[in-house]
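# Structural overview for review
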Amino acid sequence: FSSPAAMPTIKDYAPFISRRSARRKPSAIRKLTPLSLMPGMISLAGGLPNPSTFPFAAMDVELVNGNRLKIPATEMAKGLQYSPTPGLPPLLELLKARQQATHQPPYAEWDCIVSGGSQDLLSKVFDMLVNEGDSILLEEPTYSGALAAIAPLGCNLVGVPTDAHGIIPSELQTILDRGTTAKVLYTIPTGQNPSGCTTSADRRKEVYALASKHDLIILEDDPYYYLYLDADQPASYLSMDTEGRVFRMESFSKVLSAGVRIGFATGPKRLIDQMGLDMQATCMHASGVSQSLILALLKEWGDDGWQAHVESVKNVYRRRRELFLSLCDKHLTGLAEWHAPSAGMFVWFRLIGIEDSSKLITEKAMNQKVLLVPGESFLTDPDGVSGYVRAAYSLCTEDDMEEGVKRFAALLRAERP
């Protein structure tokens, strides 16, 4: 898939590929899968199971509005069998068209790949780009799942400070000017987990310029893109990527279902193809049944139906955010400080007068039957301490939400001398 635009500035991605990933070779069997789908092709090659032995025929799903979503046997068969590693072709084409319409990547040689959720993408992209002993730039604080994916790689984590407006470009510049071997910057630009911050449009431009100057790949992890709740959503890094240095990751977990475990990445074709080699050797491809279900739903909805659904999801989270913030104002004023998130589902509290929230949250809060996450869980330094706490407003009932905030406030008051 290509758009009428210039070629990316980066011509050779080999310096970015890890030594482990560079040793991967195409699967002799996997590369035959697309050929087996060609009309008239007789395949005696692949060890595909005979579909007549599958007990499943078709799928009929009830949607929350009462409508039925039916996947006929002819379409279901494609999801039940082994399929191309990048994803079911019709779903890939739909995703590429949506990325073109939404982000308009300003160079030609980009592509997409479907994965088993964005966490799967994280694990694979870190493995693809980071060697043992390398440095990697991450926001401070950052997503604990990213830290878990990076930990086994034995690399040096370099935290870049953030504030309520996202990653701080001047801090990034200081780190880069001081000298670092990092070739990758990992960022969550929208509704950041855990801080809830959204990187402003101006800052994104500054960050991209620094990545260009210092030849960095930007890993744009954006699972909360469709949970942006305010006006004037900042453009994605992908949309400003004139040089082919952004690898963007997204997920259906927050807007369709977390359990279907489908995410997708968009980026330079060379990097997408390299990730495909990893998938050939690990999972072969994302769940065909989940892909078929999402494909059928998106085709049924069309663009208008998708947008209507996204707006309805935003409305849910917008109402929950406003309720939670009002409860925080009511019960936590003077005990903690926070900013209103523009996106996502998290509020990041700085506890007043408390330098280390760990014991308070992991012991005392649990004893009072309120669950929160201590800030230390999101630090690049595994031995670091934090006076911050993350709370999520996505799931509790309204009554439980208020009771949880009241219990949290009582704990903080009890800590005062």
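Preceding this section is the structure that the text describes.
Criteria and cut-off values
Residues numbered from 1 in each chain as written. Predicted model: local features only at pLDDT ≥ 70, side-chain atom pairs only at ≥ 80, totals over all residues. Heavy atoms only, no water. Pairing = 2+ DSSP bridges. Helix = DSSP H or I, 4+ residues; strand = E, 2+ residues; numbered from the N terminus. Contact = heavy atoms within 4.5 Å. Axes fitted to C-alpha atoms, helices over the stretch in contact; angles between N-to-C directions. Buried < 20%, exposed > 50% of the residue type's maximum accessible area, 1.4 Å probe, protein only. Polar contact = N/O pair within 3.5 Å; in protein donor to acceptor, adjacent residues only side chain to side chain. Phe/Tyr/Trp six-rings, centres within 6.5 Å; stacked < 30°, edge-to-face > 60°. Lys NZ or Arg CZ within 6 Å of the ring centre and 35° of its normal. Salt bridge = Lys/Arg side-chain N within 4 Å of Asp/Glu carboxyl O. Expected span 1.5 Å × (residues − 1).

For the rest of this paragraph, the subject is the sheet that holds strand β6 (residues 166-167). Pairing is mixed in the open sheet, where 8 strands are placed in the order β3-β10-β9-β8-β7-β4-β5-β6. Where the open sheet ends on each side, the last strands, each with one partner, are β3 (110-115) and β6. Bridge count between β3 and strand β10 (residues 263-268): 6 bridges; the pairing is antiparallel. Paired with D111 across the bridge in β10 is G267. Against the sheet, helix α5 (residues 118-129) contacts β3, β4 (135-140), β7 (184-187), β8 (217-221), β9 (246-251) and β10, and its axis sits at roughly 160 degrees relative to β9. The strands touched by helix α7 (residues 169-178) are β4, β5 (156-163), β6 and β7; relative to β5, the strand with the most contacts, the crossing angle is about 155 degrees.

Turning our eyes to something else, we now look at the side chain of S236. Inspection of the secondary structure assignment puts S236 in the loop between β8 and β9. A residue is classified by how much of its surface remains accessible, and S236, at 2% relative accessible area, is buried. A polar contact is formed between the side chain of S236 and the side chain of H103, at a distance of 2.8 Å.

With that settled, consider the packing of aromatic side chains. This structure, assessed with the given rule, holds 13 aromatic pairs. Taking 5.9 Å as the distance between ring centres and 85 degrees as the angle between the ring planes, the aromatic pair formed by Y224 and F346 counts as edge-to-face. With a gap of 122 residues between them, Y224 in the loop between β8 and β9 and F346 in strand β12 (residues 346-351) connect regions that are remote in the sequence. There is no split in this pair, since Y224 and F346 are both buried. Here the aromatic rings of F324 and Y393 are separated by 6.1 Å at their centres, their planes lie at 35 degrees, and the arrangement is tilted. Residue F324 is located in helix α10 (residues 288-332), and its partner Y393 is located in the loop between β14 (388-392) and α12 (398-415); the two are separated by 69 residues in the primary sequence. In this pair, the class of F324 matches that of Y393, namely buried. Through a chain of ring-to-ring contacts, three or more aromatic side chains come together here, namely Y225, Y226, F252, F264 and W306. The side chain of R204 reaches across the aromatic face of Y237, ending 5.9 Å from its centre. One residue, R248, lies across the ring of Y225, its end atom 4.9 Å from the ring centre.

Attention now goes to the pattern of salt bridges. Overall, the coordinates contain 27 salt bridges when judged by the stated rule. Put simply, D127 and R24 hold a salt bridge, and the shortest N to O gap is 3.9 Å. Here D127, found in helix α5, pairs with R24, found in the loop between α1 (19-22) and α2 (33-36); they are 103 residues apart in sequence, far enough to count as distant. A relative accessible area of 25% places R24 in the partly exposed class. A salt bridge links D163 to R203; the shortest N-O distance between them is 2.7 Å. Of this pair, D163 sits in strand β5 while R203 is found in helix α8 (residues 201-214), placing the two residues 40 residues apart along the sequence. Exposure remark for R203: the relative accessible area of 15% places this residue in the buried category. One salt-bridge network, in which partners are shared between bridges, spans R20, R24, D120, K124, D127 and D278.

Here 4 strands make up an open sheet; going across it, the order is β11-β12-β14-β13 and the pairing antiparallel. Since the sheet does not close on itself, it has two edges, and those belong to β11 (336-337) and β13 (373-374), each with one partner. On top of the sheet, α10 reaches β11, β12 and β14; it is set at about 15 degrees to β12, its chief contact.

With that settled, consider α5. Residue pairs three or four apart in sequence face the same way in an α-helix, which turns once every 3.6 residues. Taking 1.5 Å per residue as the helical rise, α5 with its 12 residues ought to reach 16 Å, and the 16 Å between its terminal C-alpha atoms agrees with that figure. Where burial is concerned, most of α5 is hidden: 10 out of the 12 residues are buried. Every buried residue of α5 is accounted for by S118, D120, L121, L122, K124, V125, F126, D127, M128 and L129.

In this section: unusual backbone geometry. Along the chain, E140 connects to P141 via a cis peptide bond; the corresponding omega equals 5 degrees. Among the secondary structure elements, P141 is positioned in the loop between β4 and α6 (144-150). Cis geometry marks the peptide bond from N193 to P194; its omega dihedral reads 25 degrees. Structurally, the position occupied by P194 is in the loop between β7 and α8. Its identity as a non-glycine residue notwithstanding, Q104 has a phi of 45 degrees, on the positive side. Assignment of secondary structure puts Q104 in the loop between α4 (89-103) and β3.

All we've got here are geometric facts, nothing functional implied.
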